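Architecture at a glance
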Number of protein chains: 2
Amino acid sequence: MEIERKFKVTVLPADLDRYPVRIIEQGYLSTAPVVRVRRDNDEYYLTYKGAGLLVRQEYNLPLTAESYRHLCEKADGIVIRKRRVVIPLEGQKEKRSIELDLFDAPFEGLVIAEVEFGSEEEAKAFTPPSWFGEEVTYDPHYHNSWLSSHPGLPE
Amino acid sequence: MEIERKFKVTVLPADLDRYPVRIIEQGYLSTAPVVRVRRDNDEYYLTYKGAGLLVRQEYNLPLTAESYRHLCEKADGIVIRKRRVVIPLEGQKEKRSIELDLFDAPFEGLVIAEVEFGSEEEAKAFTPPSWFGEEVTYDPHYHNSWLSSHPGLPE
């Protein structure tokens, strides 16, 4: 089960290059349920996400680079490419971090920050850093599966 | 983990219509690892089978009829169609059954019997019924994933 909040970001922190960056690439073969292939640096996965909002079955199953590329060609719409910077989040009881996704073409300029929590209470109590922009947790236009079939920046 | 033996069948038991028949349809999106979609009567699944011969990670994840059809169009090669008749196997300590697969075009005439066991010892001790033909447990030409890319009967 994933409990996360999601925010648009328009101003980047100045010290961004202090943090490790991963190259993420992902394509959708199905959206309901989600069947997704993802490259995360040199690791490759097939992800299945069952139906349901609060509790959602999720499986991440290993692929080879070759099977990833083969399945990626079967993706619907756009294969999303983004750089992911992981920034430790200070001032939390539990160890939490910000996943900052900087999207490549055709979504240049789109930057989304995601924070994952251990409980709904923790998610609700979270005060976003001042550099976070508009919250888009409940806006389907910022789901990667939506973006994959809608090139360009969400309105 | 699956432990099974597989046999060609050329002579069918006379009382075959006593047993329930299921319609099975399956396509392969990847073969290493196996990513397969299957219809089994009115149920639909995405199956992932990890690498490995003896111990093989296997997941069967539910699909809707719609997502099944969508993913089926992405299958490589032939979508295999077969009728599966399940026949109880008599004279075994444990409750075992024969899965008899009668293939449709382009594999008309191909009939394969599979029996699944609880252990290697049990598999080795199994005496096939007299109507079973040649054993093909170790012959990759009778794997469904092989058939999907090789139309016609194996030589």
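Residues numbered from 1 in each chain as written. Chains lettered and ligands numbered in written order. Predicted model: local features only at pLDDT ≥ 70, side-chain atom pairs only at ≥ 80, totals over all residues. Heavy atoms only, no water.

So, the pattern of salt bridges
Scanning all chains against the criterion turns up 22 salt bridges over all chains. For the salt bridge of B:Asp15 with B:Arg18, the shortest nitrogen-to-oxygen distance reads 3.1 Å. Between B:Asp40 and B:Arg22 there is a salt bridge whose closest N-O contact spans 2.8 Å. Here B:Asp40 is found in strand E3 (residues 34-40), whereas its partner B:Arg22 is found in strand E2 (residues 21-31), with 18 residues between them in sequence. On the basis of relative accessibility, which here comes to 14%, the residue B:Asp40 falls in the buried class. On the accessibility criterion, B:Arg22 (25% relative accessible area) is partly exposed. Taken together, the salt bridges that share partners define one network made up of A:Lys82, A:Arg84, A:Glu99 and A:Asp101. (Salt bridge = Lys/Arg side-chain N within 4 Å of Asp/Glu carboxyl O. Helix = DSSP H or I, 4+ residues; strand = E, 2+ residues; numbered from the N terminus. Buried < 20%, exposed > 50% of the residue type's maximum accessible area, 1.4 Å probe, protein only.)

Focus on the environment of B:Ser148
All names here are of chain B. With respect to the element layout, Ser 148 can be found in the segment after helix H3 (144-147). Its relative accessible area of 3% is what places Ser 148 among the buried residues. With 73 residues separating them along the chain, Ser 148 and Ala 75 place their C-alpha atoms 9.2 Å apart. Apart from the residues lying within four places of it in its own chain, the contact partners of Ser 148 are Tyr 28, Asp 76, Gly 77, Ile 78 and Ile 80. (Contact = heavy atoms within 4.5 Å.)

Side note on the pairing of strand E7 (residues 96-103) of chain B
All names here are of chain B. Taken across its 8 residues, E7 has 6 buried, putting it largely inside the fold. Taken together, the 8 bridges between strand E6 (residues 76-89) and E7 define a ladder with antiparallel strand orientation. In the sheet register, Arg 84 faces E7, and the bridge partner there is Asp 101. Hairpin remark: E6 followed by E7, antiparallel, with 6 residues in the connecting loop; positive phi at Gly 91, about 75°. As defined by bridge partners, E7 adjoins strand E8 (residues 111-117) across 5 bridges and the pair is classed as antiparallel. Following the sheet pairing, Asp 101 is matched in E8 by Ile 112. (Pairing = 2+ DSSP bridges.)

Observations concerning the packing of aromatic side chains
Scanning the entire structure with this criterion turns up 15 aromatic pairs over all chains. Measuring from ring centre to ring centre gives 5.1 Å for A:Tyr44 and A:Tyr68, while their planes differ by 40°; the resulting arrangement is tilted. With A:Tyr44 in strand E4 (residues 43-49) and A:Tyr68 in helix H1 (residues 65-72), the pair connects residues that are 24 residues apart, well separated along the chain. Just as A:Tyr44 is buried, A:Tyr68 falls in that class too. Plain terms: the ring middles of B:Phe117 and B:Phe126 are 5.1 Å apart, the flat faces sit at 55° to each other, and that makes the pair tilted. The same class applies to B:Phe117 as to B:Phe126, namely buried. Site record: aromatic cluster; members linked through ring pairs are A:Phe7, A:Phe117, A:Phe126, A:Trp131 and A:Phe132. (Phe/Tyr/Trp six-rings, centres within 6.5 Å; stacked < 30°, edge-to-face > 60°.)

Section: helix H1 (residues 65-72) of chain B
Side chains three or four residues apart in an α-helix point the same way, a direct result of the helix having 3.6 residues per turn. Residues and elements named next belong to chain B. When H1 is considered as a whole, its buried residues turn out to be Ser 67, Tyr 68, Leu 71 and Cys 72. The buried residues of H1 occupy an angular sector of 135° when projected down its axis, which confines them to one face. Facing away from the buried side of H1 by more than 90 degrees, the exposed set consists of Glu 66 and Arg 69. (Arc of directions from axis to C-beta.)

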